[in-house]
Amino acid sequence: MRYRLYLDESGDHSSSHATDVGKRYLGLIGAALPDDKFKEFAATLECLKETHLQYDPDEPPILHREDILAKRGCYGVLSDDGKRARFNADLLRWVESSPCRIFAVVIDKLEHGKARYRTLKHPYHYCLHAMLERYCGWLKLRSEERRVGKECRSRW
């Protein structure tokens, strides 16, 4: 079976701050998805978004935590308590039924910057390297083929 690894980061990779959690830590999440499950996975996600959000098929919403929590843009409909509860319940059901295998790497950038034994100094580069080691190691144990996709910031 072939898998694809989809990556996204949480936190700021460029600066560090001793007390601001959003700036001190960097997390990289990888979702490994079997190739033969991708179409169904994507279709059920689009259905969820179309059911609960202001949906434009030319620019479908991207699940972005900060926008969801702030109820910005297409997430404005979540200001209604009932709609938000239904969206959250359906989103949790979607995640629970997902065929993904999740990998995560989190670093404290303040401590990472102090480490002198690391050859990869840039926090994102270090996290990416650690992520790919874990992903490829998991696939090697399963004798599976490897493929990695990067996050798309725009459609064009």
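Residues numbered from 1 in each chain as written. Predicted model: local features only at pLDDT ≥ 70, side-chain atom pairs only at ≥ 80, totals over all residues. Heavy atoms only, no water.

Bringing the pairing of strand S2 (residues 25–34) into the picture now. Most of S2 sits out of view: 8 of its 10 residues are buried. Pairing analysis gives 9 bridges linking strand S1 (residues 3–11) to S2, with the strands arranged antiparallel. Within S2, the residue paired with Asp8 across the bridge is Ile29. Bridge count between S2 and strand S3 (residues 101–108): 8 bridges; the pairing is antiparallel. Across the sheet, residue Ala32 finds its bridge partner in S3, namely Arg101. (Buried < 20%, exposed > 50% of the residue type's maximum accessible area, 1.4 Å probe, protein only. Helix = DSSP H or I, 4+ residues; strand = E, 2+ residues; numbered from the N terminus. Pairing = 2+ DSSP bridges.)

The subject of this paragraph is the environment of Lys71. When you line up the elements, Lys71 lands in the loop between helix H3 (65–70) and helix H4 (81–97). When the C-alpha atoms of Lys71 and Leu110 are compared, they prove to be 31 Å apart, with 39 residues separating the residues in sequence. If near-sequence neighbours (up to four positions away) are discounted, Lys71 is found in contact with Gly76, Leu78, Ser79 and Arg84. (Contact = heavy atoms within 4.5 Å.)

Another aspect to go through is the nonpolar core. Counting 15 residues, the largest nonpolar core has Leu5, Ala32, Phe103, Met131, Tyr135 and Trp138 as the members making the most contacts within it. Going through the elements one at a time, S1, S2, S3 and helix H6 (123–142) are the ones with two or more residues in this core. The element best represented in this core is H6, accounting for 6 residues. By size, the runner-up hydrophobic cluster in this structure holds 13 residues, among which are Leu53, Cys74, Val77 and Leu91. (Core = buried A, V, L, I, M, F, W, Y, C linked by side-chain atoms within 4.5 Å.)

On the surface, Val21, Tyr25 and Val106 cluster together into a nonpolar patch covering about 290 Å² of accessible area. Inspection of the secondary structure puts Val106 in strand S3. We classify Val106 as exposed; its relative accessible area is 58%. (Patch = residues over 30% accessible without salt bridge, like charges linked within 9 Å, V, L, I, M, F, W, Y side chains within 5 Å. Areas by Shrake-Rupley, 256 points an atom, 1.4 Å probe, with all protein chains shown as cover. Salt bridge = Lys/Arg side-chain N within 4 Å of Asp/Glu carboxyl O.)

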